[in-house]
Amino acid sequence: MSASVQRSGAQPAGEHEAFDSAELIEMARSTVGIEIDGLRELQKSFGEDFARVVSHIHRCTGRVIIVGIGKSGHIGSKIAATFASTGTPSFFVHAAEAAHGDLGMIGSNDIVLCISNSGESVEFKPVLQYCRRFSIFLIVMTSAPKSSLGQYADLLLLLPRSKEACPMGLAPMTSTTLMLAMGDAVAAALIRARGFQRDDFAKFHPAGKLGAQLLRLREIVELQPERVALPWVAFDAPMTEVITTITDGRRGIAGVADRDGGMIGIVTDGDLRRALTGRECFDRTAEEIMSRDPVTIGAERLAIDALNLCQDRKIGAVLIRDEEGAIVGAAHLKELLEMGLV
């Protein structure tokens, strides 16, 4: 290939068009400013129609089927995911696919939420006809209430007709930002209406860092007992047995039990180091070197709370107690970190 021939659309290495940085920064600020203006208009627009939409979705015994196409379709997919993760069964149907079999995904107890800024996309027509034919409740999110889509709606989520942030006024920017904000507003209102709590949220987010941070100590005790294992020694155990038990347990801690099996204290690596100061140390027992008031935490607390407690107190573990006050394990700093809590 001749050296003078360049790849189509590519500039030679080391060369670039000269841009005015100040102009680019100003364009960025202008874009965000226009979208903020649109959001302010949206914030002022909420009224009884919004409350009626939330009420209908809250009473829905089926699912919320969100329908969109193009950029509004991408927003619709995100809104459906937010609904589903916060207690409102929901999924997304692409408007162009609906007439090719996906209408069968819409049940008689469902609510359909169509999203279109203009309200005139022809791909929605089969969905509108289907909703009318089978009496399926239809909500439309649009900025054009008199559009074809808007006139079919049982209820409207009306968006303000705001200026698009695109310099050419063509690409959806402000309008899609408003759609996303409207979807979040509906989701937030439904969270409040359902009394949705952290425990409910955790059911739908068991994986990753978020799932770990919502995990309760009780769940670790029940499902991952090896993570909270606490080795035990008797109160009269000699030092050699205490050292062996802590070493084999690999947690730097052992519980000390009385004659009836109840806990009376713990021995930690720190207790051992403090005890090993003279030749007579091996004549001592677990009860003589133990800490009598170990730090504890309730099993209903979050794992992240146990981690914070370990770090605040600068200790390697906190004991987990059940509702009756019995010790059911220990939350070890190392294990908590390995779970990805931070």
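Values in this document were obtained by computation on a predicted structure and should not be read as measured data.

J.: Which parts of the structure should I look at to understand the pairing of strand 10 (residues 317-321)?
T.: Regular strands place their side chains on alternate faces of the sheet. Burial runs high along strand 10: 4 of the 5 residues are buried. By the bridge criterion, 3 bridges tie strand 9 (residues 296-298) to strand 10 in an arrangement that is parallel. Counterpart to T296 in the pairing with strand 10 is L319. The parallel pair strand 9 and strand 10, bridged by helix 14 (residues 303-313), forms a crossover whose chirality is right-handed.

J.: Please clarify how the sheet that holds strand 6 (residues 232-234) should be interpreted in this entry.
T.: Spatially, the 3 strands line up as an open sheet ordered 6-7-8, and their pairing is mixed. Here the strands that pair on one side only, and so sit at the sheet edges, are strand 6 and strand 8 (263-268). Going from strand to strand, the sheet's axes swing by 35° on average, the running direction of each strand aside. Pairing between strand 6 and strand 7 (residues 253-257): 3 bridges, direction parallel. Each bridged residue has a counterpart across the sheet, and for A234 the counterpart in strand 7 is A257. Here helix 11 (residues 239-249) sits on the sheet and contacts strand 6, strand 7 and strand 8; the angle it forms with strand 6, its principal contact strand, is near 170°.

J.: Help me understand the sheet that holds strand 11 (residues 327-332) in this model?
T.: Strand order in this open sheet of 3 strands is 9-10-11, and the pairing throughout is mixed. Across the chains shown, the open sheet's two edge strands, defined by having one partner strand only, are strand 9 and strand 11. When strand polarity is set aside, the average angle formed by the axes of neighbouring strands in this sheet is 35°.

J.: What am I meant to see in empty space enclosed by the protein here?
T.: With the rule as written, the count across this model stands at 1 cavity of 30 Å³ or more. Considering only enclosed or pocket space, the largest cavity measures out at about 30 Å³ in volume. If you trace the largest cavity, you find it lined by L217, I220, R227, V228, A330, A331, H332, E335, L336 and M339. Contributions of two or more residues to the lining of the largest cavity are made by helix 10 (217-223), strand 11 and helix 15 (333-338). Of the residues belonging to the lining of the largest cavity, the class tally is 7 nonpolar, 1 polar and 2 charged.

Criteria and cut-off values
Residues numbered from 1 in each chain as written. Predicted model: local features only at pLDDT ≥ 70, side-chain atom pairs only at ≥ 80, totals over all residues. Heavy atoms only, no water. Buried < 20%, exposed > 50% of the residue type's maximum accessible area, 1.4 Å probe, protein only. Helix = DSSP H or I, 4+ residues; strand = E, 2+ residues; numbered from the N terminus. Pairing = 2+ DSSP bridges. Right-handed = clockwise from strand over helix to strand, strands pointing away. Axes fitted to C-alpha atoms, helices over the stretch in contact; angles between N-to-C directions. Contact = heavy atoms within 4.5 Å. 1 Å grid on protein atoms, 1.4 Å probe; cavity = no way out; pocket = protein on both sides within 12 Å on 5 of 7 lines; lining within 4 Å. Points joined across faces, edges and corners; volume = space filled by probe spheres on them. Nonpolar A, V, L, I, M, F, W, Y, C, P; charged D, E, K, R; others polar.

Purely spatial values, then, with no claim about function.
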